[in-house]
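# Residue-level structural notes
One letter stands for each residue in the lines below.
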Amino acid sequence: MDVTLNVWALTVAALCAAIAVDFFIGGRKPHEVSLKEAGTWTAVWVVLAVLFGLVLLKFAGPQTAGEFFAGYITEKSLSVDNLFVFVLIMAKFSVPAAYQQRVLMIGVILALVLRAIFIAAGAALIANFSWVFFIFGGFLIYTAWKLIQEARTDHTEEAYEENRLLKLVERRFPSTDQYHGTRLFIRRNGKRLMTPMLIVMLAIGTTDVLFALDSIPAIFGLTQDPYIVFTANAFALMGLRQLYFLIGGLLRKLVHLSYGLSVILGFIGVKLVLHALHETGVHVPEIGIPVSLGFISVVLVVTTVTSLVASRRQPVEPLPGAEADDDDKRRSADLS
């Protein structure tokens with residue numbers, strides 16, 4: 001799809017406006033997010049994504065719209081798996097419930113900016129080197145295998161480990177060990193100090209970059225249009241904050257999610273390899289968008305159903321940090 005600079009500018013402006021509305025209505029004042037609020041905003045972002053896909057269907061045709069929906073569903077499903085790591089980060093830094101939505105909003109915006117850089121780099125590579133499809137395809141197949149291996153191991157003692165960039169920031173810049181509302185910096189004895197709020201925001205944003213290492217090649221396996229790649233990522237990420245509060249308690253029940261994601265990544269990896277072979281002149285069948293969209297949707301439905309059935313047959317352990325939250329509530333009740 002040939003996208004003009006004006007269309008790019010209008011799209012970015014519309015996304016920024018939607019983010020601003022989300023912030024000033026739901027995220028300006030720190031508070032604990034209720035299930036009703038999370039459900040409402042989750043629905044809003046899903047509806048916005050669907051409306052955007054319908055606009056593409058009308059003005060760009062079914063092929064482009066199909067690529068967007070396939071990319072959006074793939075990125076959304078991968079982001080659900082990422083939510084568990086976000087839970088670990090919140091527990092690691094003991095983020096108060098009232099501040100979690102602010103942390104997620106800024107962290108997700110940072111992640112979107114970093115992903116935009118990844119997308120631009122990926123698009124430039126694909127435009128100049130068709131053999132990159134072999135690398136992307138092979139990497140996704142390898143990632144799919146690793147996901148299966150990890151899903152078969154016991155993660156009950158899993159803990160979040162800070163990435164090197166975050167450790168470097170914490171070593172180089174002095175910080176406090178207490179939260180000071182939503183402030184990112186404070187002054188103490190004439191010295192400027194970081195607060196844990198800034199550190200956890202950086203943790204969310206930079207950790208998402210690691211997730212992008214498989215999600216960006218995955219969506220490039222469905223479409224090579226940078227505009228579709230960016231918008232699919234944007235809509236998937238911007239609804240992530242509300243989804244965190246909506247299904248946080250259900251994450252443990254999605255026991256087969258990693259298997260489903262591994263199947264999807266493996267499928268897209270094979271699709272990329274076939275496309276790379278086709279580009280080099282080898283006569284091999286290519287997998288179309290309707291087949292891709294249908295396959296991804298079926299895998300996610302089957303994975304969700306089998307997960308819920310399996311979770312009923314065995315006790316579900318609380319997510320990390322859940323016990324701490326309960327203790328905080330009991331202490332608050334005692335004080336009152």
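Whatever comes next refers back to the structure up there.
Let me sum up the structure you'll find in this document. As the structure is a computational prediction, the values presented were derived from the model and not from experiment. (Residues numbered from 1 in each chain as written. Predicted model: local features only at pLDDT ≥ 70, side-chain atom pairs only at ≥ 80, totals over all residues. Heavy atoms only, no water.)

### Some points on the overall build of the chain
Heads up, the condition is: Secondary structure counts use DSSP, requiring at least four H or I residues in a row for a helix and at least two E residues in a row for a strand, with both numbered from the N terminus. Accessibility here uses a 1.4 Å probe with only protein chains present; expressed as a share of the type maximum, an area under 20% marks a residue as buried, one over 50% as exposed, and anything in between as partly exposed. Should any heavy atoms of two residues lie within 4.5 Å, those residues are considered in contact.
Broken down by element type, the chain carries 12 helices and two strands. Beginning at the N terminus, the succession of helices and strands in the chain can be written as α-α-α-α-α-α-β-β-α-α-α-α-α-α. Looking at the chain as a whole, 45% of its 336 residues qualify as buried. By sequence separation, contacts in the chain at least 24 residues apart represent 80% of the contacts at least 6 residues apart.

### Structural notes on helix H2 (residues 35–60)
Threshold: Every helix has an expected span of 1.5 Å times one less than the residues it contains.
Helix length check: H2 (26 residues) gives 37 Å between terminal C-alpha atoms against 38 Å at 1.5 Å per residue, within 8%. All buried positions along H2 are accounted for by Ala-38, Trp-41, Thr-42, Trp-45, Ala-49, Phe-52, Gly-53 and Leu-56. Just past H2, the residue Gly-61 takes up positive phi, approximately 100°.

### A short note on a nonpolar patch on the surface
Threshold: A residue counts toward a patch only above 30% relative accessible area and without a salt bridge, and it is joined to like-charged neighbours within 9 Å or, for Val, Leu, Ile, Met, Phe, Trp and Tyr, to nonpolar neighbours within 5 Å. Surface accessibility follows the Shrake-Rupley procedure with a 1.4 Å probe radius. Residue values consider only the protein chains on display as shielding. For this document, the term salt bridge refers to a Lys or Arg side-chain nitrogen within 4 Å of an Asp or Glu carboxyl oxygen.
Nonpolar side chains collect at one region of the surface, where Val-44, Val-46, Val-47, Leu-48, Val-50, Leu-51, Leu-54 and Leu-57 lie side by side and expose about 580 Å² of accessible area between them. Mapped onto the elements, Leu-48 comes out in helix H2.

### Describing the nonpolar core
For soluble globular proteins, nonpolar side chains are generally found buried alongside one another. Filter applied, for reference: Nonpolar cores are built from buried Ala, Val, Leu, Ile, Met, Phe, Trp, Tyr and Cys residues. Side-chain atoms within 4.5 Å join them into one set.
Among the nonpolar cores identified, the biggest contains 82 residues, and Phe-68 and Phe-86 are the most heavily contacted of them. Counting residues per element, this core draws most heavily on helix H7 (residues 196–220), which supplies 13 residues. Apart from the residues lying within four places of it in its own chain, the contact partners of Phe-68 are Ala-49, Phe-52, Gly-53, Leu-56, Ile-228, Thr-231, Ala-232 and Phe-235.

### Structural notes on a positive patch on the surface
The condition is simple: Counted charges follow a simple rule, with Lys and Arg positive, Asp and Glu negative, and His plus the chain ends left uncounted. Charged groups are reduced to one reference atom each: NZ for lysine, CZ for arginine, CG for aspartic acid, CD for glutamic acid.
Taken together, the side chains of Lys-92, Lys-167, Arg-171 and Arg-172 make up a positively charged region of the molecular surface. No other element matches the three residues that helix H6 (residues 164–172) contributes to the positive patch. Along the polypeptide, Arg-172 turns up in helix H6. Arg-172 sits in the exposed class, given a relative accessible area of 64%.

### Comments concerning the packing of H2 against helix H3 (residues 62–92)
Using the following cut-off: Structural elements are reduced to axes, namely lines fitted to C-alpha atoms, with helices fitted over the stretch in contact, and the angle between N-to-C directions of any two is expressed from 0 to 180 degrees. Each angle receives one of four descriptions, namely roughly parallel if under 35 degrees, roughly antiparallel if over 145, roughly perpendicular if within 65 to 115, and oblique otherwise.
Between H2 and H3, whose axes approach to 7 Å, the crossing angle comes to 155°. If you check the angle between H2 and H3, you find them roughly antiparallel. The residues of H3 that touch H2, namely those facing Trp-45, Val-46, Ala-49, Val-50, Phe-52, Gly-53, Leu-54, Leu-56, Leu-57 and Ala-60, are Pro-62, Thr-64, Ala-65, Phe-68, Phe-69 and Tyr-72.

### A short note on the packing of H3 against helix H11 (residues 289–312)
What counts, and what does not: Should the near helix be turned anticlockwise from the far one by less than a right angle, the crossing is termed left-handed; should it be turned clockwise, right-handed. Gly falls in the polar group here, along with every residue not listed as nonpolar (Ala, Val, Leu, Ile, Met, Phe, Trp, Tyr, Cys, Pro) or charged (Asp, Glu, Lys, Arg).
Between H3 and H11, whose axes approach to 9 Å, the crossing angle comes to 25°. Overall, the two elements H3 and H11 adopt an arrangement that is roughly parallel. Judged by the sense of rotation from one axis to the other, the crossing of H3 with H11 is left-handed. Across from Gln-63, Gly-66, Glu-67, Phe-69, Ala-70, Ile-73, Thr-74 and Ser-77 in H3, the residues of H11 making contact are Ile-289, Leu-293, Ile-296, Ser-297 and Leu-300. When its residues are assigned to classes, the contact of H3 with H11 shows seven nonpolar, five polar and one charged.

### A closer look at the environment of Leu-274
On the secondary structure map, Leu-274 appears in helix H10 (residues 257–279). For the pair Leu-274 and Glu-286, spaced 12 residues apart in the sequence, the C-alpha separation amounts to 6.1 Å. Other than its neighbours up to four places away in sequence, Leu-274 contacts Val-284, Pro-285 and Ile-287.

### Brief notes about helix H5 (residues 132–151)
To keep it simple, the criterion reads: Read the arc as the range of directions from the helix axis to the C-beta atoms.
Counted at 1.5 Å a residue, the expected span for H5 with its 20 residues is 28 Å, and the 28 Å between its end C-alpha atoms agrees. Turning to H5, its buried residues number three or more, namely Val-132, Phe-133, Phe-136, Gly-137, Leu-140, Thr-143, Ala-144 and Leu-147. Projected onto a plane normal to the axis of H5, the buried residues spread over an arc of 135° and lie on a single side. Check the buried side of H5 and you find it contacts H3, helix H4 (100–128), H7 and H10.

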